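# Overview (structure and organization)
Residues per chain are reported as follows:
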Amino acid sequence: MSDLDDFKATYFDECSELLLELEEQFAAIEEGDRSSDRLNAVFRAIHSIKGGGGAFGFQGLVGFAHAYETLLDHVRDGRVELSEPVAALCIRANDIVADFVAAAKDGTELEAGYGAEEKHQFDALTSGDPDAAGEPMEEFDIDFVPVMVTIAGAEDDNDVVAEEPLSLAVLDDAFEAPPLAPEAGHWIIRFTPHSELYARANDPLLLLRELGTLGDIKVRAVLDEIPALADFEPFGVYCSWEITLSSDTVTEAAIAEVFEFVEGNCDLSITHGEAPVAEEALDAEIEAMPSFAELMAVEDEPVAAVAEAAPTAELLSFADLAESLKPALKAAPPLMPPPLKQAVPAEEFEGENDRRSGAEDRRNGVQSIRVDLDKIDRVVNMVGELVITQSMLTQQMDETLRARYQELVRGLEVLAQTTRGLQDSVMAIRAQPVKTVFSRMPRLVRELATKTGKKIRLETIGENTEIDKTIIEQLSDPLTHMIRNSADHGIESPEKRLAAGKNESGAIRLSAEQAGGNILIAVEDDGGGINRERVLQVARDRGVVGPEQALSDEQIDQLIFAPGFSTASEVSDISGRGVGMDVVLSNIKKIGGSVHVKSWTGKGTRMTLRLPLTLAVLDVMLVKVAGSPYVIPLSSIVETIQCARANFSRMPTGGQVLQVRGEYVQVVDLASRFEMTTEVERDNRFVVLCEAEGGVKVAVIVDDIIGQQQVVIKSLEENFQSIEGIAGGTILGDGNVALIVDVQGLKSATAAHKSAA
Amino acid sequence: MESLAFKDDISGSVAAAANSLQLIAFSIGEQTYGVEITTVREIRAWNGATPLPNTREFVRGVINLRGTIVPIFDLRARFGEGQTSPTKNHVVVVMSVGEKWVGILVDAVSDILTVAKTDIHNVPEGNSIDTELLNGIVTHESRMVGLIDLHAVVSGAKMDS
């Protein structure tokens, strides 16, 4: 059964992609884009989720998706207007579908009746009758007659059956030719779909099942139109059906109603009592065919092959098509051998019909494979170690060696380039657009808006910016906290906003951009800004800030990241428990990033996350302080200056500032900051000018600069705890540990020290 | 302290394995201490450590243990007897404390002891550091062996805590 598990995993992967697409489409729909492409995409997504769900027997999911799909179908046809409430209902339905999928994935049970209310609303909208609950589609089983088709011109040596695994359920009984002789009170319906019918993702099977609810039906597929294989057009429609419906009560209007949805997309004739053409001849023909069981016994293997090629029930409607593609023709050889190719265009046929626009490029242009993330991680780790070994080798080359072994030097240079290239390529594999986490936020904002009674719009910008997948995974929590914070504390109530002369609905803007070796992710709101007085008051009350301590506005803003800090006077569902922003800070620090907040009173707040592009390898400058190695991330270094040439000035309190290019910059002597003694003379030391968050510079004084290299970040917290001013550790080529200087931490800690003094 | 009949004979206490405890014993100066053998991951010679800023004096720094960074605690300094001046002959005992791995710098590892659980004595009230850092006391060859409480040893490593 592990195969089935594989299929399931694939299905859930696809579901998450489809759910993402749903969010995207509805984001556009909410903005007023009502084009039919959008709706079709939504319909296809739901249809695919439903189809797969049916194959794995996720009843709840299928039931709900079916009702939802029906509504979407009505909307698409214009029978239900896509008004605001309907759009809102659809968006809620997406969330519910997502919950169903999640429950199915985790094997958990949703509470009984989950989504029932929405389902009821769908039914009310689609039928105008709130009591007619969406009927589960599995209830009707129609006696399908499997028939065999031989396509003229088929080659004998290809012997794959264009069979579809799903039809097995319908066809599990031995073949039996049902009489099509007309009975009392019967209707003959001739139904010939046009290609548009399929293009609109309608499914003849559903129509036939619907007919089945009216009375006993016998269905015969008319296959005379099927051309020679050479002329076979994969998207062509060659099949029509003749249905005999036996019922005394059914009216022509009732039958016509079944086909109402596809009116204009098919030829339909409904006649009463008349005998179908060449009844007996047909019977004889059918009897001449081998039984289905026989067929299956011989064709077992190829069928399995096709089954593998089509793992999910996404091909539901194709099942029926394939089924009816197997009728006998006069010159039927005992076992039909449509060539292998048959299966391929067949699959694409469905693909085209079912997910035409978006997926088209995916199928035709970009080729991709799914790879287990673990496998990629292993490669990434090894490449990381390779890079370090390479830089260690390079370090071993001293001048004498260089002069003596020029070939070796050249080899090492090529090795350095190749490793760098390898590393970039591997990183590119792991890179993912931030869209994957951004797309979860619209739902969050909707829920928050409902809970808080505020009106909130979410804008996202730059969602195609790519970051390492491991970082993306770590982003979800911090972003959730930040958006909650914005919605709860930032955005004001509609009344307050109107009073302040703002738009009634608040805006939260989520943006991502790449800046050098970093990714900047910002959450901005146009709310009231941080209430600094209140923040400071709470901070003093809680002892986060001493009573005498004076803080700048910027320092007060950063206080919201202090552990256990919350200004909310009431603890709400959403925030106010004081676990939140400090979690953001610690999570972001853990992945080597930093957080900065800027607030404008009455105008809004912006929180910026600065994240490394990748976690695996960091470009650093290796320095020495009091005999110990430290590294400073290259991305934060502006320049280095010899102390002898630097222009220091003394501040009244004894501190120092560095004058560089007309700017005065705060000076941090790492040795004294880390309470270590150094014997290196001041003039022989170096200034490393770094840029901290928000463009603020800080001049870090170190004993010596050793060089640049790449390192792998190792966590200090794994076995110890975080240390102020240190962002983590790394292992050098000689096996020793070097500490990574946290420039941002140094700067803010120093600021606190100073103001405390 | 009461005098006890100690049970050092390992072969004699095999049967009582469930009720006994195996200890790794190490020395700080003249005094012997022990930790349960199951917590010990590795014993290695002192080979320097990268000092960590803003930590208390008993945190000697961090070492690279096959790709992970492990902090080293100076047990002598933790007992308030001043920092050890380590040589190549000093020993780091790497242990797991909960999820974390830590190294303890000691003078030497002396023995493996098997003691019955019933022979573990409470630490007499008195100095709070003793009661805080020791889980109990056992007697070995009529000398006291303090059972180190690892959680207590590694706590409070930061400057401000």
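Just so you know, these numbers come straight off a predicted model, no measurement behind them.

### What to know about the pairing of strand β2 (residues 31–36) of chain B
All names here are of chain B. Judged from the 6 bridges that link them, strand β1 (residues 20–28) and β2 form a sheet pairing that is antiparallel. Looking at the pairing, serine 27 lines up with threonine 32 of β2. Where β1 folds back on β2, the antiparallel hairpin that results is connected by 2 residues, among which glycine 29 adopts a positive phi of roughly 60°. The pairing of β2 with strand β10 (residues 143–148) spans 3 bridges and is classified as parallel. Looking at β10, one finds that glycine 34 is bridged to leucine 147.

### Quick notes on the confidence of the model for chain B
In this model, chain B carries a mean pLDDT of 83, and residues with pLDDT of at least 70 account for 86%. In this model residues 1–15 of chain B is a low-confidence stretch, pLDDT under 50, and it forms 14 contacts with partners more than four residues away in sequence or in other chains.

### Considering the environment of valine 620 of chain A
All names here are of chain A. Residue placement: valine 620 occurs in strand β12 (residues 618–625). Since its relative accessible area comes to 0%, valine 620 is described here as buried. With 12 residues separating them in the primary sequence, valine 620 and isoleucine 632 have C-alpha atoms 5.4 Å apart. Beyond its immediate sequence surroundings of up to four residues, valine 620 is in contact with Val631, Ile632, Pro633, Leu634, Gly707, Gln708, Gln709 and Val711.

### What to know about the sheet that holds strand β6 (residues 91–97) of chain B
Residue and element names in this part refer to chain B. The strand order β3-β6-β7-β5-β4 describes an open sheet built from 5 strands, whose pairing is mixed. Looking along the sheet, the strands with just one partner apiece sit at the ends: β3 (40–45) and β4 (59–65). With direction set aside, neighbouring strand axes in the sheet form an average angle of 30°.

### Digging into helix α21 (residues 469–490) of chain A
Helical geometry: 3.6 residues make up each α-helical turn, so side chains three or four residues apart lie on a common side. With 22 residues, α21 of chain A should cover 32 Å at 1.5 Å per step; its first-to-last C-alpha distance of 30 Å lies within 8% of that length. The sharpest bend along α21 of chain A reaches about 35° and sits at leucine 475 of chain A, with the proline proline 478 of chain A one to four residues further on.

### Focus on unusual backbone geometry
All names here are of chain B. Of note in the backbone geometry, glutamate 141 takes a positive phi value of approximately 45° without being a glycine. One can find glutamate 141 in the loop between β9 (134–140) and β10. A positive phi is found at serine 142, a non-glycine position, where the angle reads about 55°. One can find serine 142 in the loop between β9 and β10. Classification of serine 142 by relative accessible area gives exposed; the value is 66%.

### Looking at the interface of chain A and chain B
Taken together, the contacts link 24 residues of chain A with 22 residues of chain B. Both sides of the chain A and chain B interface together cover about 2,000 Å² of buried area, and 60% of this is carbon and sulfur. One can count 0 salt bridges joining chain A with chain B. On the surface where chain A and chain B come into contact, there are 5 residue pairs in polar contact (both at pLDDT 80 or more). Those elements that provide at least two residues to the side of chain A that touches chain B are β13 (628–633), β22 (726–731) and β23 (737–741) of chain A. With 4 residues, β22 of chain A is the single largest residue contributor to the side of chain A that touches chain B. Looking at the side of chain A that touches chain B residue by residue, the classes come out as 10 nonpolar, 8 polar and 6 charged.

Conventions we followed
- Residues numbered from 1 in each chain as written.
- Chains lettered and ligands numbered in written order.
- Predicted model: local features only at pLDDT ≥ 70, side-chain atom pairs only at ≥ 80, totals over all residues.
- Heavy atoms only, no water.
- Pairing = 2+ DSSP bridges.
- Helix = DSSP H or I, 4+ residues; strand = E, 2+ residues; numbered from the N terminus.
- pLDDT = per-residue confidence, 0-100.
- Contact = heavy atoms within 4.5 Å.
- Buried < 20%, exposed > 50% of the residue type's maximum accessible area, 1.4 Å probe, protein only.
- Axes fitted to C-alpha atoms, helices over the stretch in contact; angles between N-to-C directions.
- Expected span 1.5 Å × (residues − 1).
- Bend = angle between axes of the 7 residues up to and from the residue.
- Buried area = accessible area lost by both parts, 1.4 Å probe.
- Salt bridge = Lys/Arg side-chain N within 4 Å of Asp/Glu carboxyl O.
- Polar contact = N/O pair within 3.5 Å; in protein donor to acceptor, adjacent residues only side chain to side chain.
- Nonpolar A, V, L, I, M, F, W, Y, C, P; charged D, E, K, R; others polar.

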